[in-house]
Amino acid sequence: MPILQVAIPVPLFNPLFDYHPPLHASETQLQAGIRVRVPFGTQECVGMIVAIKTHSDYPELKTAYECLDTVPLIPKPLLEMYAWASQYYCYPLGQVIAATLPPKMMAGASTHIELPPDVLWCLTEEGRKHANNTFPAHQQRFAILLDLLKNIPIGYDESTLALALSNPRPTLRALQKRGWIAPLPKQSPSEIHPPLPLNHAQQHVVHTVCAHAQQFYPCLLDGVTGSGKTEVYLQLLQIVLHSGRQALVLVPEINLTPQMVARFQQRLPLALVVLHSQLPDTTRLHAWLAARDGQATVIIGTRSAVWIPLAKPALIIVDEEHDPAYKQQDSFRYSARDVAVWRARQAGIPVILGSATPSLDSLYNTKQQRYHYFHLPERAGNALHPSYRVIDMRQQPRHSPFSPELQKNIQYCLQEKQQVLLFYNRRGYAPTFMCYSCGWIADCPRCDAHLVYHDNVRELRCHHCNYVQNVPIHCPQCQSHSLHPIGQGTEKLAEQLQQLFPHARIARIDSDTTPSYQEMNDLLTKIHAQEIDILLGTQMLAKGHHFPAVTLVGIINADAGLFSIDFRATERMAQLLIQVAGRAGREALPGMVLIQTYHPEHPLLHCLIQQGYGAFAESALTERLNAQLPPYCRLALLRVGAKTLELAIEFLNQAKYTAEQLPDFNSQIRLLGPVPAPMIKRKNRYHAQLLIQSSQRNLLQRFLPQWLSALQQKQRSVSTRWSLDVDPLDL
Ligand code: ADP
Ligand code: ZN
Ligand code: ZN
């Protein structure tokens, strides 16, 4: 009799269990990829069959209750990908599956649902008349949908609308009944936006990728902002469409970039599925099934979309490949960019990593000839490169975060009706809240961090654990009333800016002000209509937006990234600077970038500004080589949080000892630490870490799983929590 090997979503490194098949299962149900309900301990749970065996080492097997599917839910390539990822990232297979399937699937939800017709909704003549109505409170859902639809020439599909309004279908039906919206009739090709004639550099990319369409062909598309990378993607996608196969496009954030989605929709109207984690569960399930069965042709999504099955994959694109958002930073810590490359190899297809500021990892891979290199050095169309100027803040009056030169340039732009973008990477009003009488500072009771003062809600907040408290009226230490916010966040800068330029229309963009897709969409509409003069924000502004009328970019303080202990900080900082700068002057008008710093002679800043990102990356790579840091070695990080720092360190010392006893441990693997984490106390736990380094990836890949199961067997204290991060981004 066959034996089922079942992955169960429990936090054990090797959570595979053997079962006898259910009594009434048909033979076709005994296959990998079928869900089964099984007894587990004293409970029951849903697991995934991952293999059929003829023999088990366990003497007394339980019998599974029932199979939940009649044909495999998960196709074989996806199962293989899960197995690889579980091994590579040292994360339990059952949990990898549970974390990456659409929600509820591993709770046993039925997947027999009617797929929504693949239509785009648009306003009718009648609907357009009502689009600006004011609706009573109970019809606010009408207002939201009409508003979205009136701004888009082609129409939106249900899953995109669901970004703005959860479960839009009943509202769509109601609007359709009134005759205000209608499904868009199938388009003739002329109504779809036509492709642009490509320049030489763009053509070269499209031709070369097409010539290698039938093989694993990883490439880095290094092109400055505005050089036409997206146009290259679109034309490749159109070719994929004609071939009847599928493509996956990964982007760092979707709800911040409705423009990008709209642009894809105008060009690929009938084939596009938008996928990201804020979608309602059923919409995600639809998309997943449609992709698995080959009905969805182009899937555009954030990090988690890399796990979507594809029936006929032809191409994978990872846009802004340098973006840290591709790395999941908790529970299942994977890099969607790296998984995408693995996937392309598995499927034997091209994968394009695109960026204006490629990660050092990918640049290194091109040097090693592992990735092909394409360069788009010039801005497409007529746009010019921005010019840079460094402002030495040591020479400026101290009272204002805006130097006179920056103020003068802002003034000029306002007069000329050009837009200004100001970048400052600290949200809130002030990063510290202090008593002037005794020096008391408001700290988070749960973390090693100051509380950040937020003026509009008059609250003190911890940006690490979301702890919130009201602003005290007098000092808890000396009772004085002399309590003041110190330093600046975007909120305070906006206030100061408004005082300097009373008539300017200022929009602040950070995670405090723009949480939703809808609001971002509204704001972008206003920006494009030039109803905003100055945009002030955090790194959110650097995320792929296109602001044609912005001609001046001001970096309020460039120093934060120059002196961090994290070895990736300078890389991040350089990327951010170039990305923000790339927002300027994208069309007819040339852009200017003013960089305020207290360290104008810093070599990194010099290199970056004088010689560009490429030269910076070269010298940063040399530094990494000398220090034997990634990409010149492989890292993993064992993190632990415990009731005291001593307990955390002790745990790691024991883990180190355990490691040194293992057969696959050798001198090529170095264990560095343990050391206290950069922020020791976080959420009431004390953190420490142990770094694992090796120049050889496969040594680590053999050693880590062994080590993990040894640790798991030894682990006794429930209050100590640990996790392993393979290829960590932050140390
Ligand atoms: P990127 O993705 O590299 O930032 P885009 O593809 O968004 O660049 O292109 C920037 C701008 O240049 C867009 O307005 C786009 O329409 C335009 N553009 C791109 N390729 C061409 C081309 N071959 N000819 C003319 N304009 C182009
Ligand atoms: Zn005090
Ligand atoms: Zn906190």
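Counting from 1, residues in each chain are numbered in the order their sequence is written. Ligands are numbered from 1 and chains lettered from A, in the order in which they are written. Reporting of local features is limited, given that this is a predicted model, to residues whose pLDDT is at least 70; pairs of side-chain atoms are given and counted only at 80 or more, and all residues count toward the totals for whole chains, interfaces and linings.

1. Quick notes on the UniProt feature "binding site: Zn(2+) 1" (unreviewed entry) in the protein
Then, number 1: Mapped onto this structure's residue numbering, the UniProt feature "binding site: Zn(2+) 1" (unreviewed entry) falls at Cys435, Cys438, Cys475 and Cys478. Across 44 residues of sequence, these annotated residues stay compact in space, with a maximum C-alpha separation of 8.7 Å.
Then, number 2: A run of H or I in DSSP counts as a helix once it spans at least four residues, and a run of E counts as a strand once it spans at least two, with each numbered from the N terminus. The topology assignment puts cysteine 475 in the loop between strand S22 (468-470) and strand S23 (483-486).
Then, number 3: Any pair of residues counts as being in contact when their C-beta atoms, constructed from backbone geometry, are within 7 Å of one another. Setting aside anything within four residues of it in sequence, one finds cysteine 475 in contact with Cys435, Ser437, Cys438, Trp440, Ser480 and Leu483.
Then, number 4: Within the element layout of this structure, cysteine 478 appears in the loop between S22 and S23.
Then, number 5: Three classes are used. A residue is buried when 20 or more other C-beta atoms lie within 10 Å of its own, exposed when 12 or fewer do, and partly exposed in between, with C-beta atoms placed from the backbone. Overall, cysteine 478 belongs to the exposed group, with 12 C-beta atoms counted inside 10 Å.
Then, number 6: In this view, cysteine 478 contacts Cys435, Ser437, Cys438 and Trp440; residues no more than four positions away in its chain are not counted. UniProt positions are given in the numbering used here, feature names are shortened, and annotations may be inferred rather than shown by experiment.

2. Focus on the pairing of strand S14 (residues 313-319)
Moving residue by residue along a regular strand, the side chains alternate between the two faces of the sheet.
Then, number 1: Counting buried positions along S14 yields seven of seven residues, so the element is predominantly enclosed.
Then, number 2: We treat two strands as partners when DSSP finds at least two bridges between them. Pairing geometry for strand S11 (residues 246-250) and S14, over five bridges, is parallel. Within S14, the position partnered with leucine 248 by the bridge is isoleucine 316.
Then, number 3: In terms of strand pairing, S14 meets strand S15 (residues 350-355) through four bridges, oriented parallel. In the sheet register, isoleucine 317 faces S15, and the bridge partner there is isoleucine 352.
Then, number 4: Seen with the strands pointing away from the viewer, any crossover whose path from the first strand over the helix to the second strand runs clockwise is right-handed. Each parallel crossover has a hand, and for S14 linked through helix H11 (residues 336-347) to S15 it is right-handed.

3. Description of the sheet that holds strand S13 (residues 298-301)
Then, number 1: Spatially, S12-S13-S11-S14-S15-S10-S16 is the arrangement adopted by the seven strands of the open sheet, whose pairing is parallel. With partners counted over all chains shown, the strands left at the sheet margins are strand S12 (272-275) and strand S16 (372-376), one partner each. Neighbour to neighbour, the strand axes of the sheet diverge by 20° on average, direction disregarded.
Then, number 2: Across five bridges, the pairing between strand S10 (residues 217-223) and S16 is parallel. Fitted lines through C-alpha atoms give the axes, limited to the stretch in contact for helices. The angle between two N-to-C directions lies from 0 to 180 degrees.

4. A short note on the domain arrangement of the protein
Then, number 1: When its domains are assigned, the protein resolves into domain 1 (3-107), domain 2 (119-185), domain 3 (200-228 + 244-376), domain 4 (387-428 + 488-627), domain 5 (430-487) and domain 6 (634-726).
Then, number 2: The distance between the C-alpha centroids of domain 4 and domain 5 comes to 27 Å.
Then, number 3: All amino acids are sorted into three groups, where Ala, Val, Leu, Ile, Met, Phe, Trp, Tyr, Cys and Pro are nonpolar, Asp, Glu, Lys and Arg are charged, and the leftover types, Gly among them, are polar. Split by residue class, the side of domain 4 that touches domain 5 holds no nonpolar, three polar and three charged. Domain limits in this description derive from either an automatic procedure or a database domain assignment.

5. Side note on the confidence of the model for the protein
Then, number 1: A score between 0 and 100, pLDDT records how confident the predictor is in each residue. Mean pLDDT over the protein: 87, with 92% of residues reaching 70 or higher.
Then, number 2: H11 holds the highest mean pLDDT among the elements of the protein, 98, whereas helix H5 (residues 158-164) holds the lowest, 71.
Then, number 3: With a pTM of 0.86, the predicted complex shows an ipTM of 0.96.

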